[in-house]
Amino acid sequence: MDERAKMQANAGPRLRLIVESFARLAGQPLAPSPALLWDAPRAVLAHGTEDPPLFFYGNQLVLELFAMTAVQFIGLPSYQSAEPDAREERARMFERLETDDIVTGYGGVRIAADGTRFRIENAIIWNLVDEAGTRHGQAATFTDWIPV
C-alpha cells in the first residue's frame, strides 16, 4: 500500500470532513474533492480528539516537511510536532478554537523527524465538526513556511 493509500485508509470518512468543515467554516474550498488533498499545493494535516490528540492525516507535503512516512506520522501525538518552547503558544491557539471554530494567521516553529526546524506562517486551524455538530478533531493548512 502506498503512502497516499495508507493516509486515506486511516482517515476514512474524516477525510471528507476535513474538506467539508473547512468549506463551511472558511467560506471557501480547501480542495475540489477529498481525494485531491494528497497532491494539494498546501500542507493539510489533522488530528483526532484523543488525549493527547493523535495525527490521523497528513498529505504528501506534510510528510515531506516533517520528514516522515505515513506509518511514522499516523498516531503521532500532535503536540510533538512543536518544539517544547512553542507548545504554550499552540495551547492558546487551541483555546481560541473552543469558541471560534476557526483561527487564521497562526504561526509557529515545527520540528521534523530529522531534527530540522521550520516556521509555519499564516496557517488556518479549524475544528472538524460534522453536520450534527459533533467534533472529530482539528485540522490545519498552510502554504507558507521557512527553514529556521
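Structural data are supplied above this passage.
Residues numbered from 1 in each chain as written. Predicted model: local features only at pLDDT ≥ 70, side-chain atom pairs only at ≥ 80, totals over all residues. Heavy atoms only, no water.

### Looking at the environment of alanine 82
- Relative to the helices and strands, alanine 82 resides in the loop between helix 4 (70-73) and helix 5 (87-100).
- A relative accessible area of 0% means that alanine 82 is categorised as buried.
- The spacing of alanine 82 and alanine 35 is 47 residues in sequence and 27 Å in space, taken between C-alpha atoms. (Helix = DSSP H or I, 4+ residues; strand = E, 2+ residues; numbered from the N terminus. Buried < 20%, exposed > 50% of the residue type's maximum accessible area, 1.4 Å probe, protein only.)

### Some points on the packing of aromatic side chains
- Following the criterion strictly, the structure yields five aromatic pairs and no others.
- The interplanar angle of 75 degrees and the centroid separation of 5.2 Å between the aromatic rings of phenylalanine 66 and phenylalanine 118 together place this pair among those described as edge-to-face. Of the two residues, phenylalanine 66 is situated in helix 3 (residues 60-66) and phenylalanine 118 in strand 4 (residues 117-129); the sequence distance between them amounts to 52 residues.
- Judged by relative accessible area, which is 4%, phenylalanine 118 ranks as buried.
- For the pair phenylalanine 142 and tryptophan 145, a centre-to-centre distance of 6.2 Å together with 80 degrees between the ring planes defines the contact as edge-to-face.
- One aromatic cluster in this structure is built from Phe55, Phe66, Phe73 and Phe118. (Phe/Tyr/Trp six-rings, centres within 6.5 Å; stacked < 30°, edge-to-face > 60°.)

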